[in-house]
Amino acid sequence: MATVETKQAGAGAESLPRIEVYSTLSRTKTPLETVRPGHVGIYLCGPTVYKPSHIGHMVGPVIFDTVKRHLVYSGWDVTWVVNITDVDDKIIAESTTRGTTMAALAEEMTADYLANLAALGVTGIDEMPKATDHIGTIIAFIEGLVAKGCAYASEGDVYFDVVRDADYGKLTNRSVEQMQGEGGSTVERKRSAADFALWKKAKAGEPCWESPWGPGRPGWHIECSAMSKALLGETFDIHGGGLDLIFPHHENEIAQSESLHDRPMAKVWMHNGLMQAGGAAGKVGGRPREAGEADESTDAAAQAATKISKSTGAEPFKNLLARHRPEAIRLLLLSTHYRSPIHFGEEPLRESAKAMEAFERLFTRYTRITGKAFHALSSRSRRVGDAAVAAAGPDAVQLRARFLTAMDDDFNTAIAVAALFDFVRTVNKFVDQHSLETKKPAHELAGLDARMIVLRELTSVLGMFLEPSQAQADRADDDGLVGQLMDLVIEIRANSRKSKDFATADLVRNRLTEAGIVLEDRPDGTGWSRKA
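All of the points below concern the structure found in this document.

Scoring rules and cut-offs
Residues numbered from 1 in each chain as written. Predicted model: local features only at pLDDT ≥ 70, side-chain atom pairs only at ≥ 80, totals over all residues. Heavy atoms only, no water. Helix = DSSP H or I, 4+ residues; strand = E, 2+ residues; numbered from the N terminus. Buried < 20%, exposed > 50% of the residue type's maximum accessible area, 1.4 Å probe, protein only. Pairing = 2+ DSSP bridges. Axes fitted to C-alpha atoms, helices over the stretch in contact; angles between N-to-C directions. Contact = heavy atoms within 4.5 Å. Core = buried A, V, L, I, M, F, W, Y, C linked by side-chain atoms within 4.5 Å.

1. Side note on unusual backbone geometry
The linkage connecting F247 with the following residue, P248, adopts the cis geometry, with an omega of 5°. Residue placement: P248 occurs in helix α6 (residues 246–261). A positive phi angle, near 60°, is found at N173, a position not held by glycine. The phi torsion at D410 lies on the positive side, around 60°, for a residue other than glycine. Tracing the backbone through its elements, the reader meets D410 in the loop between α12 (394–408) and α13 (413–433). Residue D410 is classed as buried on the basis of its relative accessible area, which comes to 0%.

2. Side note on the sheet that holds strand β8 (residues 157–160)
Picture the strands of a sheet paired through backbone hydrogen bonds; they go either parallel or antiparallel. Sheet architecture is open: 4 strands sit in the order β7-β8-β9-β10, paired in antiparallel fashion. Strands with a single pairing partner mark the edges of an open sheet, and in this sheet they are β7 (151–154) and β10 (216–218). Between one strand axis and the next, the sheet turns by 20° as a mean value, whatever way the strands run. Pairing between β7 and β8: 4 bridges, direction antiparallel. Bridging across to β8, Y152 finds its partner in Y159. Across the face of the sheet, α6 comes into contact with β8 and β9 (196–201) while running at roughly 85° to β9.

3. Looking at the nonpolar core
Ranked by size, the top nonpolar core spans 109 residues in total, and within it L71, F403, M452 and L455 carry the most contacts. Ranked by the residues each element gives to this core, the list is headed by α13, at 10 residues. Counting 22 residues, the second-largest nonpolar core is a separate cluster that includes I138, I139, Y168 and L198.

4. Regarding the sheet that holds strand β6 (residues 77–82)
One open sheet accounts for 4 strands, arranged β6-β5-β11-β12; its pairing is parallel. For this open sheet the edge positions go to β6 and β12 (266–272), each flanked by a neighbour on one side alone. Averaged over all pairs of adjacent strands, the angle between their axes in this sheet comes to 20°, without regard to strand direction. Looking at chain direction, strand β5 (residues 39–44) and strand β11 (residues 236–242) are connected through 3 bridges and run parallel. The residue of β11 that forms the bridge with I42 is I238.

5. A short note on the environment of G241
Take G241: it is sitting in strand β11. With a relative accessible area of 2%, G241 lands in the buried category. Sequence separation between G241 and G60 is 181 residues, and the spatial gap between their C-alpha atoms is 6.4 Å. For G241, the contacting residues outside a window of four places in its chain are L44, F64, H250, M270, H271 and N272.

Purely geometric numbers; function is a separate question.
Structural data, given as structure tokens:
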């Protein structure tokens, strides 16, 4: 755990833990120093809502939800903005195909996106602006660029003039010549093939808005520049998105915003690795998959070429939720450092769900010993935890420090998750050493409580195990009758074993296993649980 604290001057500023963040723009990790002392402004590029969201759309929100949780836990105030692109060629085309309006389709797909975020426990978004709600802001932004000579009107369109931006290409480290391309279908209207649209002239029958250049609609890139400025200011702290957005989207955002405001758009540019179809790249809870294995040595273009997306047939996320627990999906996404590619598939998801069982067995064990529910324990702040952790013993102190050091080092959830699995093993060892299943000395029970409170503190930072799982909730609902029946079955098995009728005892266990019931023989008797 970093012991050096970052002090930021200004009214109301206080000492905060030192957190280092990697920026794609500088290609270095530096301490987080914010525009406003003690406050972090984050902008994450959201979806273009023309089809149901898929797993690729969930990666960034889960990562940045965790980033916000860690920052808030560590003492920062955070404003997190995620935009919705609800006007775009793809939305217009899809709405035409479906025989509906652009607005109705966007509303339907936005609702789908929000439902999926809620299932994954993404609760920290503060603002979710829609492009169509900011048309006036966007037009004013474009007018400012035209007035400065950085943009020009052409036959009803407006284009950004990349030649007027001396450092265009600094995010991707490319020259204008390297980014020319063919200029698209409107190349004859442009001064340079690399120029990009800020405003698009309306076509017959398309949704449009009046502007100084005639009826039309905004280009994609200008939306984020205008909305981030409106909600976070001309310069804000962290701009996030997938690696596939570095060019052209983020490169063009920088060009627009910095040309208008003559100051940096964002202090840090965070880009997450993309979702890759395939097998697991490492066991969940085992050796962590870190950024050093894939950050700058991994070509962003190569990841983009093999990413899971709508165009490659990614299934709607709600279909995935019908087969897999949302908690297991979140755990899998956080088991890899955010800058690395995430290897996704049925097998990694099953592995993630199985790994979660270690935590849930410990939660059940804790309840059995103390009568207390893990999920009812309070989630405390980092400052409160620092003052109280010693009561949990040296092993807990060490593992908590490892967890926090990882999170302070560019939000390394891979190492943080591995530390949590070690924490579970350490708590189980403590219970076994002191025979807490059969003996309940007050001092050791207090030690168990202290350890579980630390575990609650750290899992909450990752947004994990905030509520009982659906399986646990179902069991709580029907434990009256089911519990009585299971007591009877366990008694029949125990009597069979006592009379050396092992065939019957084995039959009982095997049939229960087939039914999704796991028996656990302990010193104080046999317990049971449902498979996750």
